[in-house]
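# Fold and geometry: a report
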Amino acid sequence: MGWFEAVVLGLVQGLTEFLPISSSAHLRVVGEAAGWGDPGAAFTAITQIGTEAAVLLYFRKDIARIVVAWVRALVDRTRRSDADARMGWLIIVGSVPIVVLGLLFQDDIETTFRDLRIVAISLVAFSLVLYWADRVGRKKRELADLSVRDGLLFGLAQAMALVPGVSRSGGTITMGLFLGYTRAAAARYSFLLAIPAVLGSGFFQVYEALTGDVAGETVSWGPTVLATVIAFGVGLSVIAWLLRYLDRGTFTPFVVYRVVLGLALLALVGVGVLAPR
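Presented here is an overview of the structure given in this document. (Residues numbered from 1 in each chain as written. Predicted model: local features only at pLDDT ≥ 70, side-chain atom pairs only at ≥ 80, totals over all residues. Heavy atoms only, no water.)

Attention now moves to the overall build of the protein. Of regular secondary structure, the protein possesses 12 helices and zero strands. Taken from the N to the C terminus, the helices and strands of the protein come in the order α-α-α-α-α-α-α-α-α-α-α-α. What you see for the protein is a C-alpha radius of gyration of 18 Å, in line with the 19 Å of a compact globule of 277 residues. In terms of overall dimensions, the protein has a C-alpha envelope of 60 × 45 × 35 Å along the principal axes. At a minimum sequence separation of 6, the contacts of the protein that also span at least 24 residues come to 79%. Within the structure as shown, the protein displays about 12500 Å² of accessible surface, and the carbon and sulfur contribution to it stands at 67%. (Helix = DSSP H or I, 4+ residues; strand = E, 2+ residues; numbered from the N terminus. Rg over C-alpha atoms; globule rule 2.2 N^0.38 Å. Contact = heavy atoms within 4.5 Å. Areas by Shrake-Rupley, 256 points an atom, 1.4 Å probe, with all protein chains shown as cover.)

This is the structure:
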């Protein structure tokens, strides 16, 4: 991977990670369209460390409060009803599905699921589900209403993002809307829920790359680190913008964009302009 390629893909990762349009799909599509080929699941997972670092910085006060309350509740039963302690457990519970499914389907995630036809279909199909959820969701519930059942359902929706094109934020926000949560509440939980899964996946890929266990991929460390740093800076700005936007805006623009991109991608693969794999 060259330095210019790293800059472009880092920008793409930062711009698309938190929007419900699938960063992994965009990295896959941009790499193929530019003639660079698939940047690979390892590059994608490692650069996501940058965007999750942006989450850690943006929500640092919330995260510190949750961690402290959760640790205190472990040794003091009277604190177990604390809202922040409950949120800590709900983030752990919601992370279970993606860990289990990620391990079960690791080979497919790194190969089969990255087929551009699957990416395109996922972009279109899940955009329609998001549009439906945004239309029918009651948008009354806040994070204080979150239950264990809801945490697991959010987690299952997040696990769908193992397929590029679904979108981690899009999947969890969609589930939140179906469950009656406000757009902003669903987005905030989506960002917090992603922290263990994304950091775990990213550092696992770092370990595999350092030990030479990344099948069929070679990690160019200099460009990859640069892309990760760029993704951090851009992602931080996108988080702030999206949370402001969700106070008044709908997901319709993202739905339209996903449908157009998905159909265009299918057409380009169909006529042979882009190779599906």
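After that view, the rundown keeps rolling.
With that out of the way, let us pick up the packing of aromatic side chains. Applying the stated criterion across every chain, the model contains 11 aromatic pairs. Where phenylalanine 18 meets phenylalanine 191, the ring centres are 5.2 Å apart and the plane angle is 80°; that geometry is what we call edge-to-face. Highlighted residues: phenylalanine 18 in the loop between α1 (3–16) and α2 (23–33) and phenylalanine 191 in helix α10 (residues 183–211), separated in sequence by 173 residues. For the pair formed by phenylalanine 18 and phenylalanine 191, the shared burial category is buried. Arranged with centres 5.9 Å apart and planes meeting at 85°, the rings of tyrosine 245 and phenylalanine 254 form a pair that is edge-to-face. Under the relative-accessibility criterion, tyrosine 245 is labelled buried at 16%. Members of the aromatic cluster, each reached through a chain of ring pairs, are Phe18, Tyr58, Phe59 and Phe191. (Phe/Tyr/Trp six-rings, centres within 6.5 Å; stacked < 30°, edge-to-face > 60°. Buried < 20%, exposed > 50% of the residue type's maximum accessible area, 1.4 Å probe, protein only.)

With that settled, consider the environment of arginine 135. On the secondary structure map, arginine 135 appears in helix α7 (residues 116–136). Assessed through its relative accessible area of 62%, arginine 135 is described here as exposed.

A separate point is helix α12 (residues 252–270). For α12, built from 19 residues, the straight-helix expectation of 27 Å at 1.5 Å per residue is met to within 8% by its first-to-last C-alpha distance of 27 Å. Taken residue by residue, α12 has Phe254, Val255, Arg258, Leu261, Gly262, Leu265 and Val269 as its buried positions. One face of α12 carries all of its buried residues, which in axial projection span an arc of 135°. Facing away from the buried side of α12 by over 90 degrees, the exposed positions are Val260 and Gly270. Two residues or fewer after α12 comes glycine 272, characterised by a positive phi angle close to 90°. (Expected span 1.5 Å × (residues − 1). Arc of directions from axis to C-beta.)

The next subject is the pattern of salt bridges. A side chain of one charge can pair with a side chain of the opposite charge if their charged atoms are brought near each other. As enumerated under the stated definition, the model contains 12 salt bridges in all. Here aspartate 38 ties to arginine 28 by a salt bridge, and the two come within 3.5 Å at their closest N and O atoms. Within this pair, whereas aspartate 38 is found in the loop between α2 and α3 (41–58), its partner arginine 28 is found in helix α2, the two being separated by 10 residues in sequence. Under the relative-accessibility criterion, aspartate 38 is labelled partly exposed at 34%. For arginine 28, a relative accessible area of 2% puts it in the buried group. Here aspartate 150 makes a salt bridge to arginine 149, at a shortest N to O gap of 2.8 Å. Relative accessible area serves as the criterion here: at 51%, arginine 149 is assigned to the exposed category. (Salt bridge = Lys/Arg side-chain N within 4 Å of Asp/Glu carboxyl O.)

On to the environment of arginine 248. Note that arginine 248 resides in the loop between α11 (221–245) and α12. Classification of arginine 248 as exposed rests on a relative accessible area of 66%. Along the sequence, arginine 248 and phenylalanine 191 sit 57 residues apart, while their C-alpha atoms lie 19 Å from each other. In this structure the side chain of arginine 248 is engaged in a polar contact, spanning 3.0 Å, whose partner is the backbone oxygen of arginine 244. (Polar contact = N/O pair within 3.5 Å; in protein donor to acceptor, adjacent residues only side chain to side chain.)

So, on to unusual backbone geometry. If a residue is not glycine, its phi is most likely negative; likewise, a peptide bond is most likely trans. For serine 22, which is not a glycine, the phi torsion comes out positive at approximately 75°. Mapped onto the secondary structure, serine 22 falls in the loop between α1 and α2. According to the relative accessible area criterion, serine 22 is buried, its value standing at 1%. Even without glycine at this site, lysine 139 takes up a positive phi of about 55°. Mapped onto the fold, lysine 139 is located in the loop between α7 and α8 (148–159). By relative accessible area, lysine 139 is classed as partly exposed at 22%.

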